[in-house]
Amino acid sequence: MAIRRSPKFRFDYLLRSLPVDLIAKRCEYLMRSALKEVEHLERKERESQGLPVEAEDGAELPPVTLKPFRILQQERQQERIQRRQTEKKALEEKVDDLERHMKEIQNRLKQLNKGSIEGLQATMASKSTSNGMGTKSPSAGAAATATSANNKHDGVKTKASANGNGKQEQTPAFDTMKGDIGPEDKFLEFPEYDGSTEPKDYKKAFAHYCHRNRKSIKESLPAEDRKNKEKINGALKEGWIQLTEDDKMTFRKWAAWDKKRHTRDCIIREAFMKNGSGNADGADGQASVDGSKPAQKRRSSTESWVSSPTSVPKKKKRVQNI
């Protein structure tokens, strides 16, 4: 009844609705938990003062005065703040060490790059000096470079320009309408194309890489991810990024060859459209020289219904004179 009459529990409908037995059990539980907490605090205080923690047989432990609860809360909060500050300092020191190591690695890489560049320059200089000592005249050196260029590009010939300025133009030694030089510096024929359909667009280097490696990358993925286009495209993109410049250059050469194939197909398509339109127009009569359509003979109404037995002539409307 004291709990129900107390103004502190006026709006605590849980306690007001509980029976007396349950309220007594709740109070006993709270008292036991409070006693355990007090014993824990006394044990800590004895350990801090250096007093015995456990009593001997037949002896009692000396009493210990505890601090107020507010002061204990403040001390706990200060301990937490100090612990956080120490952890923060340790993390900052680790970050500083990592930044220092990264700077050292970057400086080392710069030194290695400088050394490699200097070594390349020295080798190039030594080669140039050895070549200068071996050649007798500049004309011989020019001839040697010309022969090496011809040996490297054996499918390309050089001829003097018609204007006589001494410049040289590169002209292919093969029919560009049949093929062109591929990525391996060899002649590759274009696929057959008659111009009856629209030419296929040329692909870029990345598209050629995807076309050649999509099947292998798809098989490398797990079975549940082989139909996921996002994962397949992501794997293709990562593989393209990881390629070296030499490997990328091969696909770029394939793209250049495909672009030349597309220009050839466009030329054939234009020629087919011109020739095809003339033949279609000249089915009933020959086309004129300037490309204009021939004049078609207009058929009369009587000829039209006589020639086709199924058609019936329409009746003419009579005009009444008023």
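First, a word on scope: everything that follows refers to the structure included in this document. A quick note: this is a predicted structure, and the numbers were derived from the prediction, not measured. (Residues numbered from 1 in each chain as written. Predicted model: local features only at pLDDT ≥ 70, side-chain atom pairs only at ≥ 80, totals over all residues. Heavy atoms only, no water.)

### What about a negative patch on the surface?
Consideration 1: Side chains of Glu92, Glu93, Asp96 and Glu99 sit close together on the surface and give a patch of like negative charge.
Consideration 2: Along the polypeptide, Glu92 turns up in helix 4 (residues 69-134).
Consideration 3: Owing to a relative accessible area of 41%, Glu92 belongs among the partly exposed residues under this scheme. (Patch = residues over 30% accessible without salt bridge, like charges linked within 9 Å, V, L, I, M, F, W, Y side chains within 5 Å. Areas by Shrake-Rupley, 256 points an atom, 1.4 Å probe, with all protein chains shown as cover. Salt bridge = Lys/Arg side-chain N within 4 Å of Asp/Glu carboxyl O. Lys, Arg positive; Asp, Glu negative; His and termini not counted. Charge placed at Lys NZ, Arg CZ, Asp CG, Glu CD. Helix = DSSP H or I, 4+ residues; strand = E, 2+ residues; numbered from the N terminus. Buried < 20%, exposed > 50% of the residue type's maximum accessible area, 1.4 Å probe, protein only.)

### Points about the nonpolar core
For soluble globular proteins, the rule of thumb is that nonpolar side chains tend to be buried together.
Consideration 1: Counting 9 residues, the largest nonpolar core is built from Ala205, Tyr209, Cys210, Ile217, Leu221, Ile232, Leu236, Trp240 and Phe251.
Consideration 2: Mapped by element, the contributors of at least two residues to this core are helix 6 (205-220) and helix 7 (229-242).
Consideration 3: Ranked by the residues each element gives to this core, the list is headed by helix 6, at 4 residues.
Consideration 4: Once residues lying within four places of it in the same chain are set aside, the contact partners of Ala205 are Trp240, Phe251, Arg252 and Ala255. (Core = buried A, V, L, I, M, F, W, Y, C linked by side-chain atoms within 4.5 Å. Contact = heavy atoms within 4.5 Å.)

### Some words on the layout of surface pockets
Consideration 1: By volume, the largest pocket is sized at about 390 Å³.
Consideration 2: Lining the largest pocket are Glu37, His40, Leu41, Lys44, Glu45, Ser48, Leu66, Lys67, Leu72, Glu75, Arg76 and Glu79.
Consideration 3: Listing elements by their share of the lining of the largest pocket, those giving two or more residues are helix 3 (20-49) and helix 4.
Consideration 4: Taken together, the residues of the lining of the largest pocket sort by class into 3 nonpolar, 2 polar and 7 charged.
Consideration 5: Roughly 230 Å³ of volume is contained in the second largest pocket.
Consideration 6: Pro191, Lys200, Asp201, Lys203, His208, His211, Arg212, Trp254, Trp257, Asp258 and Arg261 are the residues that line the second largest pocket.
Consideration 7: Taken together, the elements giving at least two residues each to the lining of the second largest pocket come down to helix 6 and helix 8 (245-281).
Consideration 8: Among the elements that take part in the lining of the second largest pocket, helix 8 stands out by supplying 4 residues, more than any other. (1 Å grid on protein atoms, 1.4 Å probe; cavity = no way out; pocket = protein on both sides within 12 Å on 5 of 7 lines; lining within 4 Å. Points joined across faces, edges and corners; volume = space filled by probe spheres on them. Nonpolar A, V, L, I, M, F, W, Y, C, P; charged D, E, K, R; others polar.)

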